[in-house]
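# Analysis of the macromolecular model
So you can see what is in the structure, the chains are spelled out below.
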Amino acid sequence: MLTGKHLVAGEWVDGTGTFSSEPAHGPSRDFAIGTPQLVDAACKAAEEAFWSYGYSTREDRAAFLNAIADEIEARGDAITEIGTQETGLPEARLQGERGRTTGQLRLFASHILKGDYLDRRHDEALPDRKPLPRPDLKMVQRPIGPVAVFGASNFPLAFSTAGGDTAAALAAGCPVVVKGHSAHPGTGEIVAQAIDAAIQKCGIHPGVFSLIQGGKRDVGQSLVQHPLIKAVGFTGSLGGGRALFDLCAQRPEPIPFFGELGSVNPMFILPNALSARGSEIASGWAGSLTMGAGQFCTNPGIAVVMEGSDAEQFANAATAALEPMGPQTMLTDGIADAYRSGRDRVAGTSGVQELLTSTCDLRNATPYLYRVSGKDWLDNHVLGEEVFGPLGLIVTVSDFDQMVAMAKSLQGQLTCTLHMDEADTDAGKTLMPVLERKAGRVLANGFPTGVEVCDSMVHGGPYPASTNFGATSVGTLSIRRFLRPVCYQGIPDALLPNDLQ
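This structure is a prediction, so every number in the text was calculated from the model and none was measured.

### Here we look at the environment of Ala-303
- Looking at where Ala-303 falls in the secondary structure, it is placed in strand S13 (residues 302–306).
- Each C-alpha atom, one on Ala-303 and one on Met-267, is 4.8 Å from the other, the two residues being 36 residues apart in sequence.
- Sequence-distant contacts of Ala-303, that is, excluding residues within four places in its chain, are made with Met-267, Ile-269, Trp-285, Phe-314, Leu-393, Ile-394 and Val-395.

### As for the sheet that holds strand S6 (residues 137–143)
- Spatial strand order, S5-S6-S21: three strands in an open sheet with antiparallel pairing. The open sheet is flanked by strand S5 (121–123) and strand S21 (483–489), the only strands paired with a single partner. Sheet twist, expressed as the mean angle between neighbouring strand axes with direction ignored, is 25°.

### Section: the environment of Val-208
- The residue Val-208 is located in the loop between helix H6 (185–202) and strand S9 (209–212) in this model.
- Discounting residues that sit within four places of it in the chain, Val-208 has contacts with Ala-49, Tyr-53, Phe-64, Leu-170, Pro-175, Val-176 and Ile-199.

### Remarks on the pairing of strand S20 (residues 439–444)
- Bridging between strand S19 (residues 413–419) and S20 involves five bridges; their strand directions are parallel. Counterpart to Leu-418 in the pairing with S20 is Ala-444.
- Since S19 and S20 lie parallel, the crossover through helix H14 (residues 425–438) that links them has a hand, and here it is right-handed.

### A closer look at the pairing of strand S8 (residues 176–179)
- Across the two faces of S8 the burial is the same, with Val-176 and Val-178 and Val-177 and Lys-179 all buried.
- Looking at chain direction, strand S7 (residues 147–150) and S8 are connected through four bridges and run parallel. Counted as the bridge partner of Val-147 is Val-176 from S8.
- Crossover connection from S7 via helix H5 (residues 164–172) to parallel S8: handedness right-handed.

Rules and cut-offs
Residues numbered from 1 in each chain as written. Predicted model: local features only at pLDDT ≥ 70, side-chain atom pairs only at ≥ 80, totals over all residues. Heavy atoms only, no water. Helix = DSSP H or I, 4+ residues; strand = E, 2+ residues; numbered from the N terminus. Contact = heavy atoms within 4.5 Å. Pairing = 2+ DSSP bridges. Axes fitted to C-alpha atoms, helices over the stretch in contact; angles between N-to-C directions. Right-handed = clockwise from strand over helix to strand, strands pointing away. Buried < 20%, exposed > 50% of the residue type's maximum accessible area, 1.4 Å probe, protein only.

In structure tokens form, the structure reads like this:
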């Protein structure tokens with residue numbers, strides 16, 4: 001049963017007012033509005049919890065993560081029901097995302113038990129070394145303290161209350177304060193209930209997790225500026241993320257802001273692949289572009305081809321594949337409005353040609369397809385800004401040199417994709433040094449929608465794809481964001497952390 005309240009250190013508490021959810025279908029519900037005072041209470045509880053949780057064993061934390069996964073699975077039907085109502089996403093998508101959420105919790109449990117992430121090092125003492133002796137030195141990664149996490153609009157489970165940021169922080173030994181997303185507060189509360197149940201089951205300090213619902217901008221600001229918060233995980237818009245990033249940098253004690261912000265995820269279709277299977281690639285692109293109404297951060301919004309008859313065939317095939325696709329419900333009215341604004345921005349740019357137009361209103365999205373020359377692309381950097389939704393842009397370059405120039409002009413990306421055949425290998429070798437500087441993940445002959453949760457995944461990239469190019473928000477490497485190395489010099493074994501004894 002929903003309470004409509006915040007969870008702060010094991011207590012379900014009201015705010016000073018309420019807001020109403022705006023579901024795609026089903027009943028609207030009232031939820032308590034977050035306040036800076038609630039943020040302060042949650043952060044203080046998280047700091048108190050850190051003195052025990054930050055020094056707990058990996059075995060205890062792994063059991064906690066697995067317990068959260070169990071409790072989420074036990075509430076699976078309720079999560080799917082309210083999740084589909086609030087977001088408009090189909091049941092199959094919510095069920096798959098729930099599996100990803102519990103899967104990454106269990107993955108982190110397994111990961112910390114192995115202990116490799118600790119990067120333990122030991123330089124033994126050299127008392128007889130000349131001219132100076134060397135002391136005994138040991139190093140290990142330690143948790144940084146309480147972490148703030150902002151729920152994402154487009155992933156109500158996998159990037160929200162118990163999503164990847166929360167899982168990584170809890171695995172590291174860091175308590176978490178979540179700022180819930182107002183697009184799916186009911187989903188967030190049920191997941192928070194699952195975490196609360198796991199806390200009680202495992203006998204953990206209740207301050208290890210809090211959920212603050214809704215609230216105005218001052219809630220998010222007070223959270224990232226709270227002196228007890230030591231890092232922030234964020235997935236969302238470039239504008240909102242950059243504002244929070246700046247606040248983190250302006251603190252008396254600046255802290256890292258790990259924000260995943262935006263990407264157009266360009267595909268470079270090399271000549272031989274375009275000639276041999278351009279229509280097949282176009283069809284696959286249409287499916288990837290419109291998956292989930294295009295509301296994926298890895299949505300491949302741009303296809304780059306070399307001009308000629310093969311490019312025309314590709315454009316015709318993409319148009320034909322997109323044309324029969326009907327309207328899809330977007331996550332919120334605001335996201336739908338932003339999609340239409342992005343469409344107008346692209347359509348109104350000099351040199352842009354419409355290939356497929358449609359009509360969408362209210363909370364619906366339909367696909368759009370445009371084409372522009374490589375020269376006009378290079379002259380209009382606004383075309384490199386993300387449009388969150390099923391909008392595709394074909395960039396037709398005059399030759400391979402212009403394709404390379406376009407790749408070099410790109411801002412940071414989450415992904416870049418090469419479609420190539422064996423005969424395109426030399427061209428691929430020329431592009432690879434450029435693409436790996438632009439993106440955190442480079443693909444060949446695939447589509448970037450769908451991010452595998454595993455050890456080798458990188459979901460991040462140079463700004464503005466993310467605010468920290470050395471980090472990832474998906475995969476086991478993401479735990480590094482919430483750790484720091486500590487060196488112990490000559491410390492007796494009895495005083496060392498458990499992981500060094």
